[in-house]
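A look at the structure
In case you want the letters, here they are:
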Number of protein chains: 6
Amino acid sequence: MRIDGREYDQIRPVTITMDYIKHAEGSVLIEVGATKVICTATVEEKVPPFMRGQGRGWVTAEYSMLPRATETRNIRESSRGKVSGRTQEIQRLIGRALRSVVDLEALGERTIWLDCDVIQADGGTRTASITGAYVAMVSAMGKLVEKQTISRLPVTDFLAAVSVGILEEKAHLDLCYAEDSQAKVDMNIVMTGQGKYVEIQGTGEEAPFSPEELQELLASGKKGITDLIAVQKQVLGVLGEGIGNMLKEKTKNV
Amino acid sequence: MRIDGREYDQIRPVTITMDYIKHAEGSVLIEVGATKVICTATVEEKVPPFMRGQGRGWVTAEYSMLPRATETRNIRESSRGKVSGRTQEIQRLIGRALRSVVDLEALGERTIWLDCDVIQADGGTRTASITGAYVAMVSAMGKLVEKQTISRLPVTDFLAAVSVGILEEKAHLDLCYAEDSQAKVDMNIVMTGQGKYVEIQGTGEEAPFSPEELQELLASGKKGITDLIAVQKQVLGVLGEGIGNMLKEKTKNV
Amino acid sequence: MRIDGREYDQIRPVTITMDYIKHAEGSVLIEVGATKVICTATVEEKVPPFMRGQGRGWVTAEYSMLPRATETRNIRESSRGKVSGRTQEIQRLIGRALRSVVDLEALGERTIWLDCDVIQADGGTRTASITGAYVAMVSAMGKLVEKQTISRLPVTDFLAAVSVGILEEKAHLDLCYAEDSQAKVDMNIVMTGQGKYVEIQGTGEEAPFSPEELQELLASGKKGITDLIAVQKQVLGVLGEGIGNMLKEKTKNV
Amino acid sequence: MRIDGREYDQIRPVTITMDYIKHAEGSVLIEVGATKVICTATVEEKVPPFMRGQGRGWVTAEYSMLPRATETRNIRESSRGKVSGRTQEIQRLIGRALRSVVDLEALGERTIWLDCDVIQADGGTRTASITGAYVAMVSAMGKLVEKQTISRLPVTDFLAAVSVGILEEKAHLDLCYAEDSQAKVDMNIVMTGQGKYVEIQGTGEEAPFSPEELQELLASGKKGITDLIAVQKQVLGVLGEGIGNMLKEKTKNV
Amino acid sequence: MRIDGREYDQIRPVTITMDYIKHAEGSVLIEVGATKVICTATVEEKVPPFMRGQGRGWVTAEYSMLPRATETRNIRESSRGKVSGRTQEIQRLIGRALRSVVDLEALGERTIWLDCDVIQADGGTRTASITGAYVAMVSAMGKLVEKQTISRLPVTDFLAAVSVGILEEKAHLDLCYAEDSQAKVDMNIVMTGQGKYVEIQGTGEEAPFSPEELQELLASGKKGITDLIAVQKQVLGVLGEGIGNMLKEKTKNV
Amino acid sequence: MRIDGREYDQIRPVTITMDYIKHAEGSVLIEVGATKVICTATVEEKVPPFMRGQGRGWVTAEYSMLPRATETRNIRESSRGKVSGRTQEIQRLIGRALRSVVDLEALGERTIWLDCDVIQADGGTRTASITGAYVAMVSAMGKLVEKQTISRLPVTDFLAAVSVGILEEKAHLDLCYAEDSQAKVDMNIVMTGQGKYVEIQGTGEEAPFSPEELQELLASGKKGITDLIAVQKQVLGVLGEGIGNMLKEKTKNV
């Protein structure tokens, strides 16, 4: 049995609160166990210089933690004067992952900024960020459709992310911090609603892992993604008939 | 009548949720109207180099806004690589204000870090930060007393802060953003439970203000502080008999 | 009696030397006791990006200290790679104060940069900077009028600043460093020739102050401002009949 | 057929020149096709502060490109004043990968710095860096054994890295730049001599990839690793009988 | 006799390998004894903002060392977040020196970036950079002439640089590191093919030097420059008849 | 005749005001024509980490310009967040030059910081800084002798610096800004009282210079140094009999 009583292939309780920040075009508070992340989506009516005039949009992400999101206080990156390697790695991952399910032509020459701010951390903050940012982004896109800025929802599929690791020779789905710090192998999987991989990042610094262990991790991860996307579908249903149908239609084979 | 139906000398609805972040020694979510700030207090068992070996403690603050706490998205200070002048001014103010009611000798050689992170801004974020940080700080101090690290609560009084401004020739208490952006004069007042001033910062960039207007602003601010401290007292009552009494005793003349 | 023999409500000897730096459009060396500040005013024929095309001008300030302006040597902010919070707070204050008496429309789309460089510090450097920068600014504006770039002096009033504090239960005007380091309460007042407040910043970190003490501080400050403006008037008289009259007329009710 | 005439599962010609930089404890120039990386290993007789007194060593890496290693000139990161997210991600990957085959206890309290400087880039610079850094590191360790600073080679296995991608629906091993820029899926695999995974990083930003494609990529990557380790074995043979045997013995089951 | 058996006025063996980096418009590896520098020349079809619209070109240089180019490892300037004073001094020197022999009008509105990256250092890295950068620059210019972007080689003379110092009361030409660290006086001389000075930088921090010693240093330096330019001529001869003749003609009086 | 009526080998009027800043151990205002520099010397009772425990002292310099020291306003280096290459080059030069005449053993384990702040610039700011910093340094050393911290003045000679350049085929001594901006060749010479070179930096970016021109520049520079040292001697005479004699004795052969 696991530290918090879960099955090996069971994710933690997930709650997604829509429209959490009133100023943002899209926003959620996602809670995965004790991990809590505020994800906001901001629509900016321009694209970065290197993309101008191509008629395509852009999606980019920033990630941060409040100093006391963790067991001990972390120095702010603004005080340090620079963004750490870990933070940059995570925000590049989030941006890349989200772009994989966006039809950038259909989005038009605008940028969606996804801000993922961890207010309480208990493992899996980057995967929770991706899962939550997807909902915030679709919510913001829904407003663009409602305002008739764009004619259809420029997403091609659902998208969620989950961590999976090996502890005591066994794959564990959705590691909490206590598990994560003991895992010999740690993997993050980002997957679409149709079950295709967008990103696989597996690391065996403590101990290299065998091809068999890899297959076990992949299977466990797929189970987790399916459960997370079920939550997203439920939450995005509240967007109303019009938007909801559009998203349903787009992804009806999922 | 005011934009949100309030009286001229009425503060916005205030809610303080205790223990909002599980890892921190003290933490609150303070909501003043639509302004929401997470305040955490972290106890560190050392003081800055310039204070070592003097047997006295230190209290310091950091302040930040999530990028989408505001109407339009702000670039993160960590991305800019430096903390803005406005942020530094605010965090210096918060630290100075809180120190004014702490008995640094009684605290002993330890530092309390107060992190004030604005997750939604609608005017008065620095004053909400001070009012909320006070509660987070006392809560963290309460845990030190419970653990018998220190023998008594090292605070000398209650402390709250409020803004007050002049719009259309009239003093308005606790400005929301819409009012703040139209005010001719803007003042922040930090005051103790005994009605003494800790900080007065009044600015008449748009139009200098007369001695009479100053007196009107001071009177309105005093009313606001009294109302805010009433909320603090209620919330801190839940700390339990021991701590509650200690605080009550210290400040019985208030 | 005070440490340097002054009365409680007496300012230190003030000297303002005009045209101290030959390259600048306006410049003074202001000496207030042993505090010496070089203030230059630079006219730039453009405004910051956020103000372009509005037909209004801008006034902004920078403040710095030579490393050995003080008792012990300070590391240069250029060596540290960043401007300290204290410096930013002061330069924001100076800019805000000066703008309060400038008619930005009449100035036209140009920026006046006020550089205040403290070459010797003995308390009151920020207030001396404001008092001196006012003279440098008007002097630079005078040249714009002489060159007929603008038709009239775009100022609405005189402006000076002074510090006042409480030592041994008593208000002291214009603190020198020795007094400043012992003061329980420290306040800076910026006031116009007509006796209106532009800025009040009072801090009681060491000890909160009562409403009665506040009134005492305000009264003492007003006395100091009046004396400083008298010096400014005398110095600006040398600008010649034309400019002098213009300034006199503008502020004849003072 | 591929752009440069290779089979789909064929790596580019690989040359590793030992002792390329005379000052370094270990150094190689690794050439993989037109990609050229100078890898040096520096032994420092201390560990980072967070590891002191634990009797364990540390291995860390830095990665950089000369400005003109690429088709168009890149601005130096020292001129920008910060290390890019991409660079940090790569140097974290290299350090993590190398540590996975080092016995940090046996290394003792010393740090090995691995510097990977790309002087000419044509795809696969991060994987060439790992493959080359392994040889530089073992070479430096060999010198520590020769000097009897440590009694045995503190490595547990061989280690190499290769890229693999999907172009035109087909897995391609060891992508050159022209292929890399057209690949729909890009994966980097770091593997030990015993065929265990140390790191898998697969990204399908352009198009998510199916589980079947994933298996194809993994198989192709394994072929590449085997070929690269064969080159490493040959080159490290020149280290002489003593060291060579030690390494052979450690890894005899490979 | 000198440490490496050379005569006092003998330079170290010099090798210049042309077209060392395939992507650059011009590139060399210059080896002066054990000092090795990769010099690349990049042609950019624009000039810095302050030079636009004047019909003149620009030549600028950057200099860096690999961390392990030296006996002990140096921290990367990108990790420090700033370029050291020494580096800036050297790159300003290289740029200034090269511009002295370029006809900027004839170059047209384009910039030549000269990157000098020291991969192994053994004294004289800045002078080797200048001598090598000259060849890389002319090689890049040759390509512009071949493509008929410009009609003739926009250089006015050959250019080389050498160090010379005083050890044990005697002038030594082209100091290696062991000599450099013992020299009482250190001088760098940059000279044209016609024997004119472009730059003289002599420093006697350890001991001031007499006018007689200065003359000795100048004479030894001239000898070194002549030998270095002979190597440049030989190497640039391979550029082919057309370019070779152009260069020969320009500098026939040398 | 020259622009300001001087002879070709005549320096501008020089004034050195002693004890210009009351807080510093040594300080002067040096005026060379319209160039004005405040030089302060600060004694710190420790040396940089790399020198500790060797019983030797250190001398280092910092240089800066007020924003409006020049014709047009310069952005502060503290605002830019970094010290420019030019500034670093100058402060390295000043430090190196001053150290050449200091007996670091006799100084003992302490550092002398020389701050040179240009308040008005009209050419020759770096040479004026050296000439002025020498006086400030000796003045601070004099105080150490008076306090019997050290037993004798730890200087070995006088030291001054001057610029010299070639305009219209002729050597000009001590260039003012108008001359400097037209000079084809620019040279700075630092020389001791005994007529030995400490530093020669000659640059012919606009036009390389011949050996004959070099000799002419050196001769003119020597004349300037002699005149400057005469002023230093006069000013340092006021240090009083004791110190004055010590300095005279040390340098009696000059």
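Residues numbered from 1 in each chain as written. Chains lettered and ligands numbered in written order. Predicted model: local features only at pLDDT ≥ 70, side-chain atom pairs only at ≥ 80, totals over all residues. Heavy atoms only, no water.

Per an unreviewed UniProt entry, chain A goes by the name Ribonuclease PH and belongs to Aneurinibacillus danicus. Per UniProt, the comment on chain A under Subunit (unreviewed entry) is "Homohexameric ring arranged as a trimer of dimers." (UniProt positions renumbered as here; feature names shortened; annotations may be inferred.)

Quick look at the interface of chain C and chain F now. With 35 residues of chain C at the contact, the number on the chain F side is 36 residues. In total, chain C and chain F occlude about 2900 Å² of area from one another, counting both sides; carbon and sulfur atoms represent 48% of this. The largest per-residue losses of area from chain C upon contact with chain F belong to His23, Arg68 and Arg73 of chain C, which jointly make up 26% of the total buried on that side. Counting every contact that joins chain C to chain F gives twelve salt bridges. Notably, a salt bridge pairs Arg76 of chain F with Asp115 of chain C, separated by 2.9 Å at the nearest N-O pair. (Contact = heavy atoms within 4.5 Å. Buried area = accessible area lost by both parts, 1.4 Å probe. Salt bridge = Lys/Arg side-chain N within 4 Å of Asp/Glu carboxyl O.)

We now examine empty space enclosed by the protein. Residue and element names in this part refer to chain B. Throughout the structure, instances matching the rule amount to 14 cavities of 30 Å³ or more. If you trace the largest cavity, you find 13 residues lining it, with Val32, Thr127, Ala128, Ala161 and Asp174 closest to the centre. Elements that contribute at least two residues to the lining of the largest cavity include exactly strand S2 (26-32), helix H4 (125-146) and strand S6 (159-167). Of the residues assigned to the lining of the largest cavity, the class counts are seven nonpolar, four polar and two charged. (1 Å grid on protein atoms, 1.4 Å probe; cavity = no way out; pocket = protein on both sides within 12 Å on 5 of 7 lines; lining within 4 Å. Points joined across faces, edges and corners; volume = space filled by probe spheres on them. Helix = DSSP H or I, 4+ residues; strand = E, 2+ residues; numbered from the N terminus. Nonpolar A, V, L, I, M, F, W, Y, C, P; charged D, E, K, R; others polar.)

The next thing to look at is the interface of chain E and chain F. Counting residues at the interface gives 29 residues for chain E and 29 residues for chain F. Summing both partners gives a buried area of about 2600 Å² for chain E against chain F, and 51% of it is carried by carbon and sulfur. Taken as a group, Glu89, Tyr197 and Glu205 of chain E account for 23% of the area that chain E buries against chain F, more than any other trio of residues on that side. Where Arg92 of chain F meets Glu89 of chain E, a salt bridge forms, and the shortest distance between an N and an O atom there is 2.7 Å.

This part covers the sheet that holds strand S9 (residues 197-203) of chain B. Strand order in the open sheet formed by eight strands is S7(B)-S6(B)-S8(B)-S9(B)-S9(C)-S8(C)-S6(C)-S7(C), and the pairing between neighbours is antiparallel. Of all the strands in the sheet, the pair left with one neighbour each is strand S7 (170-173) of chain B together with strand S7 (170-173) of chain C. Here the strands of the sheet are splayed against their neighbours by 20 degrees on average, with no regard to which way each runs. By the bridge criterion, four bridges tie strand S6 (residues 159-167) of chain C to S7 of chain C in an arrangement that is antiparallel. (Pairing = 2+ DSSP bridges. Axes fitted to C-alpha atoms, helices over the stretch in contact; angles between N-to-C directions.)

Attention now moves to the arrangement of the chains. Taking C-alpha atoms as the reference, chain B and chain E come no closer than 11 Å and do not contact one another. As for chain F relative to chain A, no contact occurs, and the smallest C-alpha gap between them is 11 Å.

The subject of this paragraph is the relation of the copies chain C and chain F. Note on the copies: chain C fits chain F at an RMSD of 0.0 Å, the axial shift is 0.0 Å, and the rotation between them is 180 degrees. Taken together, the rotation angle and the small translation identify this as a two-fold axis. Closest approach to the rotation axis among the C-alpha atoms of chain C is made by Ser78 of chain C, whose C-alpha sits 1.9 Å away. Both copies present the same face, since 100% of the interface residues in chain C are matched by interface residues at the equivalent positions in chain F. (Least-squares fit on C-alpha atoms with pLDDT ≥ 70 in both.)

Attention now moves to the environment of Ile21 of chain F. All names here are of chain F. With respect to the element layout, Ile21 can be found in the loop between strand S1 (14-18) and strand S2 (26-32). What makes Ile21 buried here is its relative accessible area of 2%. Separated by 18 residues in sequence, Ile21 and Cys39 place their C-alpha atoms 9.0 Å apart. (Buried < 20%, exposed > 50% of the residue type's maximum accessible area, 1.4 Å probe, protein only.)

Attention shifts here to the packing of helix H6 (residues 211-236) of chain B against helix H6 (residues 211-237) of chain C. A packed helix pair is summarised by two numbers, namely the angle formed by the two axes and the spacing between the axes. The interhelical angle for the contact between H6 of chain B and H6 of chain C, taken along N-to-C directions, is 160 degrees, at an axis separation of 13 Å. Comparing their axes, H6 of chain C and H6 of chain B come out roughly antiparallel. Relative to H6 of chain C, the crossing made by H6 of chain B is right-handed. From H6 of chain B, Leu214, Gln215 and Leu218 of chain B reach across to H6 of chain C, where they touch Leu214, Gln215 and Leu218 of chain C. (Parallel < 35°, antiparallel > 145°, perpendicular 65-115°, else oblique. Left-handed = near helix turned anticlockwise from the far one by under 90°.)

According to UniProt, the feature "binding site: phosphate" (unreviewed entry) maps to Arg86, Gly124, Thr125 and Arg126 of chain A in the numbering used here. For the annotated residues, spread through 41 residues, the largest C-alpha to C-alpha distance comes to 13.7 Å, consistent with a single compact locus. You can see Arg86 of chain A is positioned in helix H2 (residues 85-99). If near-sequence neighbours (up to four positions away) are discounted, Arg86 of chain A is found in contact with Tyr63, Met65, Thr125 and Arg126 of chain A together with Arg92 of chain D. A polar contact is formed between the side chain of Arg86 of chain A and the side chain of Tyr63 of chain A, at a distance of 3.3 Å. When you line up the elements, Thr125 of chain A lands in helix H4 (residues 125-146). The class of Thr125 of chain A is buried, set by a relative accessible area of 6%. (Polar contact = N/O pair within 3.5 Å; in protein donor to acceptor, adjacent residues only side chain to side chain.)

With that settled, consider the sheet that holds strand S4 (residues 58-65) of chain A. All names here are of chain A. Ordered in space as S1-S2-S3-S5-S4, the five strands form an open sheet in which the pairing is mixed. Single-partner strands in this sheet number two, and they are strand S1 (14-18) and S4. Going from strand to strand, the sheet's axes swing by 20 degrees on average, the running direction of each strand aside. Pairing between strand S3 (residues 35-44) and strand S5 (residues 111-120): nine bridges, direction antiparallel.

Let us look at the side chain of Thr111 of chain C. Of note, Thr111 of chain C is situated in strand S5 (residues 111-120). With residues up to four places along the chain from it excluded, the contact list for Thr111 of chain C reads Thr42, Val43, Glu44, Lys46, Val47, Pro48, Trp58 and Thr60 of chain C.

According to the stated counting rule, one finds 109 salt bridges over all chains in the structure shown. A salt bridge links Asp174 of chain A to Arg12 of chain A; the nearest nitrogen and oxygen atoms lie 3.2 Å apart. With Asp174 of chain A in the loop between strand S7 (170-173) and helix H5 (177-180) and Arg12 of chain A in the segment before S1, this residue pair connects regions lying 162 residues apart in the sequence. Take Arg12 of chain A: its relative accessible area is 4%, and that puts it in the buried class. A salt bridge links Glu62 of chain B to Arg73 of chain A, with the shortest nitrogen-to-oxygen separation between them at 3.2 Å.

Here helix H4 (residues 125-146) of chain D is 22 residues long and its end C-alpha atoms lie 31 Å apart, about the 32 Å a rise of 1.5 Å per residue gives. Summarising burial for H4 of chain D: 20 of the 22 residues are buried, a large majority. (Expected span 1.5 Å × (residues − 1).)

This part is about the relation of the copies chain E and chain F. Placing chain E over chain F gives an RMSD of 0.0 Å and needs a rotation angle of 180 degrees, together with 0.0 Å of translation along the axis. When the interface residues of chain E are mapped onto chain F, 100% of them again lie at the interface, so the same face is used by both copies.

Turning our attention to the packing of aromatic side chains. A complete count under the given rule lists 18 aromatic pairs over all chains for this structure. Note on Tyr134 of chain A and Phe158 of chain A: the rings are 5.8 Å apart at their centroids and 45 degrees apart in plane angle, and the pair reads as tilted. Pair noted here: Tyr134 of chain A is in helix H4 and Phe158 of chain A is in the loop between H4 and strand S6 (159-167), with a separation of 24 residues, a long-range link. Under the relative-accessibility criterion, Tyr134 of chain A is labelled buried at 0%. Seen from their ring centres, Phe209 of chain B and Tyr197 of chain C are 5.6 Å apart, and the 40 degrees between their planes marks the pair as tilted. Taken together, the positions of Phe209 of chain B in the loop between S9 and H6 and Tyr197 of chain C in strand S9 (residues 197-203) put the pair across two chains. (Phe/Tyr/Trp six-rings, centres within 6.5 Å; stacked < 30°, edge-to-face > 60°.)

Turning to the pairing of strand S8 (residues 185-192) of chain A, a few remarks are in order. Residues and elements named next belong to chain A. With seven of eight residues buried, S8 lies mostly within the body of the structure. Direction of pairing for S6 relative to S8: antiparallel, over a ladder of eight bridges. What sits directly across from Val162, in S8, is Ile189. With antiparallel pairing between neighbouring strands as the criterion, S8 and strand S9 (residues 197-203) make up a hairpin whose turn holds four residues, including Gly195 at a positive phi of roughly 80 degrees.

Moving on: the packing of helix H2 (residues 85-99) of chain B against H4 of chain B. All names here are of chain B. At a closest axis distance of 10 Å, the pairing of H2 and H4 adopts a crossing angle of 40 degrees. When the interaxial angle is binned, H2 and H4 end up oblique. The crossing of H2 and H4 is right-handed. Across from Arg86, Ile90, Leu93, Ile94, Ala97 and Leu98 in H2, the residues of H4 making contact are Thr125, Arg126, Ser129, Ile130, Ala133, Tyr134 and Met137.

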